Amino acid sequence: MKYTLIIQSAPIDHQSSYTALRFARALLEGGHSIERLFFYGAGVHNSTSHSVAPQDELNLPDQWQQFVTEHSLDAVVCIAAAVRRGVINASESGRYGKSGNNLADGFDLSGLGQLVASAVESDRVVTFGAGV
Amino acid sequence: MKQFLVITSNAPYGTSQAREATDLALATALFEQKVSLLFQGDGVFQLLPDQNPAAIEQKNLSAMQQALPLYDVEDLFYCAESLQERGIESRTLALPAKALTRSEIASLIRQQDHVFHV
């Protein structure tokens, strides 16, 4: 089946984005496909390239980035939620006159319409980190 | 066209979820899908009239939600038990939302193609 996953909570603060990653891996192992990963709300922090973890701890944004790249997945980060939280790519950085950018490779900034379009194409939509 | 339900379970201020649920309901309607919105748990606080978030330097979510019916967000529902548990009067709600019991909510969810729980 085709799945859309919505990830709404930040790494570190909540377990749910790690649960989402484990679920996503299990989907592919089980022969399902992922139409799109959509990072919304505080979930946008999973797409940063600037997270640093102690050596004996998991770096969840790096894990997401590797997973997305390895499987060439469509990973969209809500642009309105991201720019508010300081997760920006080079073009948004230029637009707003900021000095750097931190959106990891493999992620795209785009609008909520990308979530709706993906859900329309999917058999299942699974939300992680709701109401926390 | 698919049938969507957005569920919102947070109070209007204090976290960003209520605004994000509203944005998602509007976006779903804008992309010409059938969409309704359910207020449950603390989400029913979004239905309180006369909100004054200027006092905490926030935008008025309730004012933005008045646009929901204009954007064809088909039906607005709230959990009657959630309202009662929080001592809110159903006569004075800020939006034209319909009361549902928890078992009616279960059947509403069964009717959907997809549920977005923000």
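For the structure itself, look to the data block above.
Keep in mind that what you see is a predicted model, and the values were worked out from it rather than measured. (Residues numbered from 1 in each chain as written. Chains lettered and ligands numbered in written order. Predicted model: local features only at pLDDT ≥ 70, side-chain atom pairs only at ≥ 80, totals over all residues. Heavy atoms only, no water.)

### Things to note about the overall build of chain B
Here's step 1: Helix and strand counts for chain B stand at 4 helices and 5 strands.
Here's step 2: Seen in sequence order, chain B has helices and strands lined up from the N terminus as β-α-β-α-β-α-β-α-β.
Here's step 3: Whereas a compact globule of 118 residues would reach a radius of gyration of roughly 13 Å, chain B reaches 13 Å, a difference of no more than 12%.
Here's step 4: Along the first, second and third principal axes, the C-alpha atoms of chain B reach 40 × 30 × 20 Å.
Here's step 5: Across the 118 residues in chain B, those meeting the buried criterion constitute 48%.
Here's step 6: When contacts within chain B are restricted to residue pairs at least 6 apart in sequence, those whose partners lie at least 24 apart make up 74%. (Helix = DSSP H or I, 4+ residues; strand = E, 2+ residues; numbered from the N terminus. Rg over C-alpha atoms; globule rule 2.2 N^0.38 Å. Buried < 20%, exposed > 50% of the residue type's maximum accessible area, 1.4 Å probe, protein only. Contact = heavy atoms within 4.5 Å.)

### Things to note about the overall build of chain A
Here's step 1: Counting its regular elements, chain A contains 5 helices and 5 strands.
Here's step 2: Its C-alpha atoms give chain A principal-axis dimensions of roughly 45 × 40 × 30 Å.
Here's step 3: Looking at chain A residue by residue over its 132 residues, the buried ones come to 45%.
Here's step 4: Summed over all atoms, the accessible surface of chain A reaches about 6,300 Å², with 45% contributed by carbon and sulfur. (Areas by Shrake-Rupley, 256 points an atom, 1.4 Å probe, with all protein chains shown as cover.)

### Topic: the sheet that holds strand β4 (residues 98-100) of chain B
Paired through their backbone hydrogen bonds, the strands of a sheet run either parallel or antiparallel.
Residues and elements named next belong to chain B.
Here's step 1: Ordered by their spatial adjacency, 5 strands build an open sheet running β4-β3-β2-β1-β5, and the pairing between neighbours is parallel. At either end of the open sheet lies a strand with only one pairing partner, and these are β4 and β5 (114-117). On average, adjacent strands in this sheet sit at an angle of 30° to one another, irrespective of strand direction.
Here's step 2: In terms of strand pairing, strand β1 (residues 3-8) meets strand β2 (residues 34-39) through 6 bridges, oriented parallel. By the bridge assignment, V6 is partnered in β2 with L37.
Here's step 3: Packed onto the sheet, helix α4 (residues 102-110) meets β1, β2, β3 (76-79), β4 and β5 and runs at close to 100° relative to β4. (Pairing = 2+ DSSP bridges. Axes fitted to C-alpha atoms, helices over the stretch in contact; angles between N-to-C directions.)

### A word on the environment of S51 of chain A
Residues and elements named next belong to chain A.
Here's step 1: Residue placement: S51 occurs in the loop between β2 (33-39) and α2 (60-70).
Here's step 2: You can call S51 partly exposed: its relative accessible area is 23%.
Here's step 3: The spatial distance from the C-alpha of S51 to the C-alpha of I12 is 10 Å, given a sequence separation of 39 residues.

### Some remarks on unusual backbone geometry
Residue and element names in this part refer to chain A.
Here's step 1: The backbone of S72 shows a phi angle near 50°, a positive value even though the residue is not glycine.
Here's step 2: Relative to the helices and strands, S72 resides in the loop between α2 and β3 (75-78).
Here's step 3: Owing to a relative accessible area of 66%, S72 belongs among the exposed residues under this scheme.

### Topic: the interface of chain A and chain B
Buried accessible area, meaning the area lost when the parts come together, often serves as the stated size of an interface.
Here's step 1: Taken together, the 20 residues of chain A in the interface contact 18 residues of chain B.
Here's step 2: Of all residues in chain A, Y40, V116 and V120 of chain A give up the largest surface area on contact with chain B, accounting jointly for 29% of the area buried on that side.
Here's step 3: Residue R85 of chain A pairs with E20 of chain B through a salt bridge whose shortest N-O separation is 3.1 Å.
Here's step 4: Linking chain A to chain B there are 9 residue pairs in polar contact (both at pLDDT 80 or more).
Here's step 5: Of the residues forming the side of chain A that touches chain B, the biggest block, 5 residues, is contributed by helix α5 (residues 113-121) of chain A. (Buried area = accessible area lost by both parts, 1.4 Å probe. Salt bridge = Lys/Arg side-chain N within 4 Å of Asp/Glu carboxyl O. Polar contact = N/O pair within 3.5 Å; in protein donor to acceptor, adjacent residues only side chain to side chain.)

### Considering the packing of aromatic side chains
Residues and elements named next belong to chain A.
Here's step 1: If you walk through the whole model with that rule in mind, you get 7 aromatic pairs over all chains.
Here's step 2: On the basis of an interplanar angle of 55° and a centroid distance of 5.6 Å, the ring pair of F23 and F128 is categorised as tilted. Of the two residues, F23 is situated in helix α1 (residues 16-29) and F128 in strand β5 (residues 124-128); the sequence distance between them amounts to 105 residues.
Here's step 3: F128 sits in the buried class, given a relative accessible area of 10%.
Here's step 4: Ring centres 6.4 Å apart and planes at 75° place the aromatic pair W64 and F67 in the edge-to-face group. Note that W64 and F67 are positioned in helix α2 at a spacing of 3 residues, about one turn of the helix. (Phe/Tyr/Trp six-rings, centres within 6.5 Å; stacked < 30°, edge-to-face > 60°.)

### Observations regarding the sheet that holds β5 of chain A
Residue and element names in this part refer to chain A.
Here's step 1: Spatially, 5 strands are ordered β4-β3-β2-β1-β5 in an open sheet, and the strand pairing comes out parallel. The sheet terminates laterally at β4 (107-110) and β5, the two strands that pair on one side only. The sheet shows a mean angle of 25° between the axes of neighbouring strands, direction not considered.
Here's step 2: Two elements, strand β1 (residues 2-7) and β5, share 5 bridges in a ladder whose sense is parallel. Of the residues in β5, the one forming a bridge with Y3 is R124.
Here's step 3: In this fold α1 packs onto β1, β2 and β5, with an angle of close to 170° to the strand it touches most, β1.
Here's step 4: On the sheet, α2 packs against β1, β2, β3 and β4 and is oriented at approximately 145° with respect to β2.

Note that every value here comes from positions in space, so none of it alone points to a role or purpose.
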